[in-house]
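Structural characterization, general
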Amino acid sequence: MKRPTIADIARRAGVSKGAVSYALNGQPGVSAETRARIQAIAQEIGWRPNLAARSLSGARADAIGLVLCRPARFLGVEPFFMELISGIEGELAASSCALMLQVVADHEAEIAVYRRWWGEGRVDGAILVDLHADDPRVPVVERLGMPAVVTGHPSGAGSLPAVWSDEVAVLREVIEYLAALGHRHIARVAGLPALLHTRIRDEAFAELCAESGVSEHPVVHTDYTGEQGARATRRLLSSRARPTAIVYDNDIMAVAGLSVAQEMRLDVPAELSIVGWDDSPLSQVVRPSLTAVTRDIPACGAHAAQTLLRLISSGETGSLEGPPARLLPRGSTAPAGRDRTVSRAM
């Protein structure tokens, strides 16, 4: 069956196509009775506006874009993005706005998507994630004039509004907690080194460890996958002076690290304390359950969508600092033992 058109409505209502257009677009030129009749017919036959035609006339697309520069297989196991999207979708649904999602391989491809979407009128704006230091996407989006919001620290967002949370404050809580338990050799299994939030955590981790008397604080960068998280953990635990605690930049790597420790016959938390990041359900179903940095990721998505919708509708700008993350101690952390830096034959 073909898509219902304005001509179909006009024929059933016995009016011109121009009258139908006036009625459906809220313009004067038709009586209230005719407008009501036309709207009732449109609803009855399932008519919807043609977005392609609307874009040619400069009308709103009622859609925003989200491009993820990550391997598609990664999205199926990474709780962060699913929770972020759930928050975005929850806010957009209340505004009858759609989300266009695309996965790409690199920033060049991502920029090409923004140019196409904006040039073709497919979206009214976009949410940029995974902000990099000196991110090439920011100046391109600024030049396009496309409304956009960044989920990341304002220092890297240029003139774009940012939705962010304080990485340093919660990392301080983590390091001070582990230091209070007697840990003086704390490692960190970090994410991608080019990401701005990774660099912020890198700098803060070194400074906070020094302030707290943590003498050894190695960092291993990964791609956030469980495979690389496990590899980094095995490398750290096989070293001559192994860490007494490891902080992971996401839950997937923390769970993988827990498995490696158990395979190597290390007791968690008696011989190794583990802290994860984001506190997804993964943190709570493993044993021992993971001490984790918990934050409201769906709320972050909702705030980003709200900020973008305000920017689109009224031009209102301004960054928004979201609710702070906090440390939630569970069974995977305990006081440091006395002879735990002695090398083991594995």
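Rules behind the numbers
- Residues numbered from 1 in each chain as written.
- Predicted model: local features only at pLDDT ≥ 70, side-chain atom pairs only at ≥ 80, totals over all residues.
- Heavy atoms only, no water.
- Pairing = 2+ DSSP bridges.
- Helix = DSSP H or I, 4+ residues; strand = E, 2+ residues; numbered from the N terminus.
- Axes fitted to C-alpha atoms, helices over the stretch in contact; angles between N-to-C directions.
- Contact = heavy atoms within 4.5 Å.
- Core = buried A, V, L, I, M, F, W, Y, C linked by side-chain atoms within 4.5 Å.
- Buried < 20%, exposed > 50% of the residue type's maximum accessible area, 1.4 Å probe, protein only.
- 1 Å grid on protein atoms, 1.4 Å probe; cavity = no way out; pocket = protein on both sides within 12 Å on 5 of 7 lines; lining within 4 Å.
- Points joined across faces, edges and corners; volume = space filled by probe spheres on them.
- Nonpolar A, V, L, I, M, F, W, Y, C, P; charged D, E, K, R; others polar.
- Salt bridge = Lys/Arg side-chain N within 4 Å of Asp/Glu carboxyl O.
- Phe/Tyr/Trp six-rings, centres within 6.5 Å; stacked < 30°, edge-to-face > 60°.
- Lys NZ or Arg CZ within 6 Å of the ring centre and 35° of its normal.
- Parallel < 35°, antiparallel > 145°, perpendicular 65-115°, else oblique.
- Left-handed = near helix turned anticlockwise from the far one by under 90°.
- pLDDT = per-residue confidence, 0-100.
- Polar contact = N/O pair within 3.5 Å; in protein donor to acceptor, adjacent residues only side chain to side chain.

Reading across the sheet, the 6 strands line up as β7-β6-β8-β9-β10-β12 and stay open at both edges, with mixed pairing between neighbours. Looking at strand neighbours, the two that pair on one side only are β7 (219-221) and β12 (326-328), the edges of this open sheet. Direction aside, the axes of adjacent strands within the sheet are offset by 20° on average. Strand direction decides the pairing type here: strand β10 (residues 291-294) and β12, joined by 3 bridges, are antiparallel. Residue pairing across strands places Ala 292 opposite Leu 328, the latter belonging to β12. Packed on one face of the sheet, helix α9 (residues 167-180) meets β6 (186-190), β8 (245-248), β9 (273-278), β10 and β12 and runs near 35° to β12.

Attention shifts here to the nonpolar core. Among the nonpolar cores identified, the biggest contains 49 residues, and Ile 64 and Ile 88 are the most heavily contacted of them. If you list the elements that add at least two residues to this core, you get β1 (63-68), α5 (72-75), α6 (79-94), β6, α11 (226-237), β8, α12 (251-263) and α14 (297-314). If sequence neighbours within four positions are ignored, Ile 64 has contacts with Ile 88, Leu 92, Cys 97, Ala 98, Leu 99, Met 100, Val 123, Gly 125, Ile 127, Leu 308 and Ile 312.

Here the largest pocket is characterised by a volume of approximately 620 Å³. Contributing elements (two or more residues each) for the lining of the largest pocket: α6, β5 (162-164), α9, α10 (196-211) and α14. Across the lining of the largest pocket, the residue classes break down as 15 nonpolar, 8 polar and 10 charged.

Below, the discussion takes up the pattern of salt bridges. One pass over the full model with this rule turns up 15 salt bridges. Between Asp 135 and Arg 137 there is a salt bridge, and its shortest N-O distance comes to 2.6 Å. One exposure class covers both Asp 135 and Arg 137, and it is buried. Linking Arg 188 and Asp 249 is a salt bridge whose minimum nitrogen-to-oxygen distance equals 3.0 Å. Remark: Asp 249 occurs in the loop between β8 and α12 and Arg 188 occurs in strand β6; sequence separation between them is 61 residues. Arg 188 sits in the buried class, given a relative accessible area of 0%.

Aromatic ring pairs are defined here through the distance separating the ring centres and the angle between the ring planes. The full count for this structure, using the stated rule, is 1 aromatic pair. Against the face of Phe 205 rests Arg 188, its NZ or CZ located 5.8 Å from the ring centre. A cation over a ring is seen here: Arg 201 above Trp 277, with NZ or CZ 3.9 Å from the ring centre.

Pairing is parallel across the open sheet formed by 6 strands, whose spatial order is β2-β1-β3-β4-β5-β11. With partners counted over all chains shown, the strands left at the sheet margins are β2 (98-103) and β11 (320-321), one partner each. Across 6 bridges, the pairing between β1 and β2 is parallel. Each bridged residue has a counterpart across the sheet, and for Ile 64 the counterpart in β2 is Leu 99.

Moving on, we get to the packing of helix α7 (residues 107-119) against helix α8 (residues 137-144). At a minimum axis distance of 10 Å, the contact between α7 and α8 shows a crossing angle of 10°. The orientation of α7 with respect to α8, classified from their angle, is roughly parallel. Of the two possible hands of crossing, α7 and α8 adopt the one that is right-handed. Residue-level inspection shows His 107, Glu 110, Ile 111, Tyr 114, Arg 115 and Trp 118 of α7 in contact with α8, the latter providing Arg 137, Val 140, Val 141 and Leu 144. Residues that form the contact of α7 with α8 fall into these classes: 6 nonpolar, 1 polar and 3 charged.

Moving on, we get to the confidence of the model for the protein chain. When the pLDDT values of the protein chain are averaged, the result is 90; 93% of them are 70 or greater. Predicted confidence for residues 339-346 stays below pLDDT 50, and this span has 22 contacts to residues more than four positions away or in other chains.

For the bond from Val 268 to Pro 269, the omega torsion is 15°, close enough to zero to count as cis. With respect to the helices and strands, the residue Pro 269 is situated in the loop between α12 and β9. Cis geometry is adopted by the peptide bond preceding Pro 288, which originates at Arg 287 and carries an omega value of 0°. Within the element layout of this structure, Pro 288 appears in the loop between α13 (282-285) and β10. Its identity as a non-glycine residue notwithstanding, Asp 134 has a phi of 50°, on the positive side. Within the fold, Asp 134 resides in the loop between β3 (125-128) and α8.

To continue, consider the environment of His 153. When you line up the elements, His 153 lands in the loop between β4 (148-151) and β5. We classify His 153 as partly exposed; its relative accessible area is 31%. Note: C-alpha distance between His 153 and Ser 283 (130 residues apart in sequence) is 26 Å. Setting aside residues up to four positions removed in sequence, His 153 forms contacts with Leu 131, Ala 162, Trp 164, Leu 196 and Ile 200. Polar contacts involving the side chain of His 153 include one to the side chain of Ser 155, which spans 2.8 Å.

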